[in-house]
Structures are given as C-alpha cells and as structure tokens.
Amino acid sequence: MAASKLKPLSAWMAERNSAYYKSASTSIYDDFETYAQSPKGLLTCANANAFHQWALLHPQDSYNVLETGVGEGAFALGFLTELAEADREHGTQFSSMLRYTLADFSIPMLEKAKTRLAREGFGGQIEILEWDATHPTEFSNSSFDLIRCNELFSDLPADVYVRSGEDLFSVNYDSDLQPQQVPLPWEALSRSEADLVRALPADYHLPINRAAKNAILFLSHHLAPEGRFDIFDYGFYRAEDFVIPADMWNLSLVREFNSQWTVDLNFLYLSASLAEAKFRTRVEPQAEYAEIYRDVCSRQPVSKKNMQKEKSKKDGKGEKAKKDGKAKNQGLDYDEESEDGVEEDDFFYHMEVQP
Ligand SMILES: C[S@@+](CC[C@H](N)C(=O)[O-])C[C@H]1O[C@@H](n2cnc3c(N)ncnc32)[C@H](O)[C@@H]1O
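Residues numbered from 1 in each chain as written. Predicted model: local features only at pLDDT ≥ 70, side-chain atom pairs only at ≥ 80, totals over all residues. Heavy atoms only, no water.

## Re the overall build of the protein chain
Per the secondary structure count, the protein chain includes 14 helices and 15 strands. The long-range share in the protein chain, meaning contacts at least 24 apart out of those at least 6 apart in sequence, stands at 80%. As displayed, the protein chain offers around 14800 Å² of accessible surface, 50% of which is attributable to carbon and sulfur atoms. (Helix = DSSP H or I, 4+ residues; strand = E, 2+ residues; numbered from the N terminus. Contact = heavy atoms within 4.5 Å. Areas by Shrake-Rupley, 256 points an atom, 1.4 Å probe, with all protein chains shown as cover.)

Structure below.
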C-alpha cells in the first residue's frame with residue numbers, strides 16, 4: 001500500500017495513539033514491554049522505597065498518590081506490593097494510608113488495571129479516573145504527595161524540527177514513518193524552543209514535546225508543597241546521547257508498535273520549561289536512580305534477562321524495528337552488564353519535579 005501524505009508528527013500521534021489505546025482489543029504488552037511490566041522490577045521497587053523514605057520524613061494521616069498513563073496496572077501493582085513489603089520490614093503502615101488514583105484516557109486500560117489490582121488484593125485502595133493528558137481536567141483532589149508516571153509522555157503528540165546550518169526545517173512523516181524536511185521560519189518556534197534547537201547539534205531531528213510539557217506543568221501545579229513528581233521515560237538529556245550518528249538517530253527517533261507511535265522525550269526542553277515555571281527538576285539515568293536502592297531491592301533477582309525484557313519499548317519497534325535496523329541502541333553497548341549486575345541503561349531517564 002502506498003504511503004499516505006506527509007503530516008506533522010503530532011497529528012499522526014494524536015490520531016494513532018488515541019485509536020490504539022482506546023480500543024478494547026488492544027493488549028499493550030503483546031505489542032511492547034515497558035520497564036514497569038515486571039511487577040517486582042527494579043524501578044518500581046526503587047520508587048516504592050523512595051516514597052517510603054519520604055513518608056517517614058513527612059508523617060501525615062493519609063497520602064494521595066496519582067499515577068497517569070497506567071497501562072494494565074503493572075507500575076501500580078509493583079509500587080503497592082513493594083510499599084507493603086517496606087511497611088512489613090519497618091513496622092510502618094503507609095500502604096494502608098494511601099489513596100491511589102489511576103488516571104488514563106483509555107477506559108479499557110483503566111478497567112484492566114482495576115481488575116488486575118483487585119485480583120492482587122489492592123481493590124479497596126484504588127480509584128480509577130478517565131483523564132486525557134492532552135486536555136487535562138481538574139481532579140477532585142487538589143494536591144498529591146506523589147505523582148508517578150512511566151512511559152506516558154513519550155506517547156503524547158510532539159513535533160520534530162531540525163537545524164541545517166542556519167536554516168530551520170519542520171520534519172513531517174508519511175504513514176510509513178518516513179521523515180521529510182520542510183523549510184520553516186525560525187519565528188514558528190517560541191524564543192526558548194528556537195534557542196534550544198540552535199544550541200543542539202545540527203542535522204539531528206529534535207522532538208519538541210509540547211503536549212508532554214503542558215501535561216507535566218499541569219500536573220506539577222497539583223503537587224502538595226512537599227510533594228514529588230517522578231517521571232520515568234526514554235529520551236535524551238546528555239551530550240553523550242548524541243554519540244549516535246545523525247542518520248541513525250533520525251530513523252529511530254519515532255518508533256511504531258503495532259499501530260502506535262512513540263517518540264523520544266527531549267528532557268532538555270522539559271527541564272528548561274519547568275525551570276522557567278519555577279519548578280525544581282533533577283534528571284538522572286534510571287540506572288542511577290535504581291542503584292540507590294540496590295541493596296533493599298536486591299531481594300529481587302536482577303537478572304539480565306529481566307532487565308533486557310523491561311527495556312524493550314525503547315529498543316525499537318519490536319521485531320519490525322530490529323529487522324529494519326532502526327533500533328537506536330544498535331551498535332552501542334546498550335545491553336552490557338556491569339560487574340555488579342546493573343546494566344547500562346542509556347536513554348532511560350528519571351526526572352523528578354518539585355514545587
Ligand atoms: C506505554 S503505556 C505505559 C503503561 C504503564 N505506565 C507501564 O509502564 O506499563 C502508555 C499509557 O498511557 C496512556 N495514555 C496515552 N496517551 C494518553 C493521554 N493522552 N492521556 C492519558 N493517558 C494516555 C495509555 O492509555 C497507556 O495506558
């Protein structure tokens with residue numbers, strides 16, 4: 001079938017991802033696997049223990065936790081299971097003091113998550129909420145002690161730009177994900193967007209994740225004064241991320257899973273936007289974040305097999321991407337295991353936001 005006409009990436013993502021996630025027949029973990037999918041994975045364990053430590057320092061009668069983009073509930077299940085485990089170890093009761101809200105724009109996802117969590121004994125603690133991150137509506141809770149999110153923002157509509165010398169181009173895509181550059185005046189970007197595109201290397205396609213930025217800002221305004229917002233996703237932040245040659249980078253920036261399109265997060269853009277709005281942010285590789293809790297989480301076997309499995313959404317378009325040679329990690333030591341069993345984890349970042 002011939003590829004269709006070119007459109008901005010945001011138009012493709014809005015159209016495809018809504019249809020994909022809202023379909024009752026979608027089974028996301030048949031199409032890709034997220035870092036959260038292993039219910040007792042390292043990331044969820046680290047996040048639950050980080051919250052446990054925070055709660056020890058912030059005694060309250062109850063705690064409000066919000067998760068957005070919940071999938072089939074794996075990230076929530078890992079967190080609630082680990083928090084209960086930390087409570088048992090420390091003689092605390094934070095897990096029974098939680099009000100845990102799962103927000104997603106897909107009713108089928110919410111229903112699957114609810115069923116799974118109820119089956120595991122957490123039905124009494126959770127609430128589900130239909131909520132679209134691209135048109136965020138108010139919550140009945142005005143503030144949250146913890147907002148957590150794994151691999152949602154890379155699914156929100158974003159647009160892509162590239163600088164060639166002094167010239168700016170918009171990168172549009174056909175239905176086969178083939179990019180084509182269209183000249184664009186610099187004035188089409190905001191001042192800070194233009195500054196960022198000028199500061200980053202030429203010839204690299206750069207996502208400007210505006211819907212993600214707006215959703216993150218909206219959510220950040222719903223943090224309790226001492227609250228934390230933990231964002232786990234993949235994208236780029238460090239100079240060394242640009243070690244990949246531009247042509248390979250450009251072919252793997254947007255990936256397809258079944259019919260769903262996902263794009264890297266520009267953490268430089270996100271953290272600069274949050275700083276402009278006076279929020280504090282910290283961005284670190286997920287491996288570094290998880291490493292802090294390695295001892296407490298080591299009761300779980302951190303097998304290379306599990307870590308590889310948990311990474312595969314970033315790895316590319318599943319089998320299709322591997323076949324096409326478009327996986328961003330190709331040619332890098334992405335899967336190498338260090339002496340202590342924690343693997344190299346390039347492109348997976350944790351961004352913490354604080355008021
Ligand atoms: C890649 S899955 C991640 C699921 C889960 N966090 C995990 O790690 O396994 C993305 C999730 O975000 C949800 N999502 C995508 N776009 C959304 C939007 N605009 N508003 C709210 N949820 C959205 C999808 O329905 C899906 O549940």
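Okay, back to it.
## Concerning the side chain of Gln 125
Of note, Gln 125 is situated in the loop between helix H5 (107-119) and strand S4 (126-130). At 2.4 Å, the side chain of Gln 125 and the backbone oxygen of Ser 95 are in polar contact. (Polar contact = N/O pair within 3.5 Å; in protein donor to acceptor, adjacent residues only side chain to side chain.)

## A few points about the pairing of strand S10 (residues 223-236)
Within S10, 11 of the 14 residues are buried, leaving the element largely enclosed by the surrounding structure. Strand direction decides the pairing type here: strand S5 (residues 144-150) and S10, joined by six bridges, are parallel. In the strand pairing of S10, Arg 148 is matched with Asp 230. Relative to strand S15 (residues 348-354), S10 is paired through six bridges, and the arrangement is antiparallel. When the bridges of S15 are listed, Asp 230 appears paired with Glu 352. Two elements, S10 and strand S13 (residues 265-266), share two bridges in a ladder whose sense is parallel. Looking at S13, one finds that Gly 235 is bridged to Leu 265. (Buried < 20%, exposed > 50% of the residue type's maximum accessible area, 1.4 Å probe, protein only. Pairing = 2+ DSSP bridges.)

## Structural notes on unusual backbone geometry
Here Asn 258, not a glycine, exhibits a phi torsion of approximately 55°, which is positive. Within the secondary structure, Asn 258 is located in the loop between strand S11 (254-257) and strand S12 (260-263). Relative accessible area serves as the criterion here: at 52%, Asn 258 is assigned to the exposed category.

## Here's the deal with the nonpolar core
Counting 62 residues, the largest nonpolar core has Phe 153, Tyr 173, Leu 219 and Phe 229 as its most contacted members. Here this core takes seven residues from helix H7 (residues 210-220), the largest share from any one element. Both domains that meet at this core, namely domain 1 (24-158 + 209-248 + 255-354) and domain 2 (159-199), each give it at least three residues. Every residue in contact with Phe 153, bar those within four places of it in the chain, is listed here: Ala 212, Ala 215, Ile 216, Leu 219, Phe 229, Ile 231, Asp 233 and Leu 265. Counting 22 residues, the second largest nonpolar core, distinct from the first, contains Tyr 63, Phe 94, Ala 113 and Leu 146. (Core = buried A, V, L, I, M, F, W, Y, C linked by side-chain atoms within 4.5 Å. Domains from an automatic or database assignment.)

## Topic: the pattern of salt bridges
Under the counting rule described, the total for this entry stands at 15 salt bridges. For the salt bridge of Arg 238 with Asp 241, the shortest nitrogen-to-oxygen distance reads 3.8 Å. Owing to a relative accessible area of 22%, Arg 238 belongs among the partly exposed residues under this scheme. The partner of Glu 352 in a salt bridge is Arg 282, and the shortest N-O contact between them spans 3.4 Å. Taken together, the positions of Glu 352 in strand S15 and Arg 282 in strand S14 (residues 280-285) put the pair 70 residues apart, joining distant regions of the chain. (Salt bridge = Lys/Arg side-chain N within 4 Å of Asp/Glu carboxyl O.)

## Considerations on the environment of Tyr 29
Secondary-structure assignment places Tyr 29 in helix H2 (residues 28-31). Separated by 42 residues in sequence, Tyr 29 and Gly 71 place their C-alpha atoms 8.9 Å apart.

Purely geometric numbers; function is a separate question.
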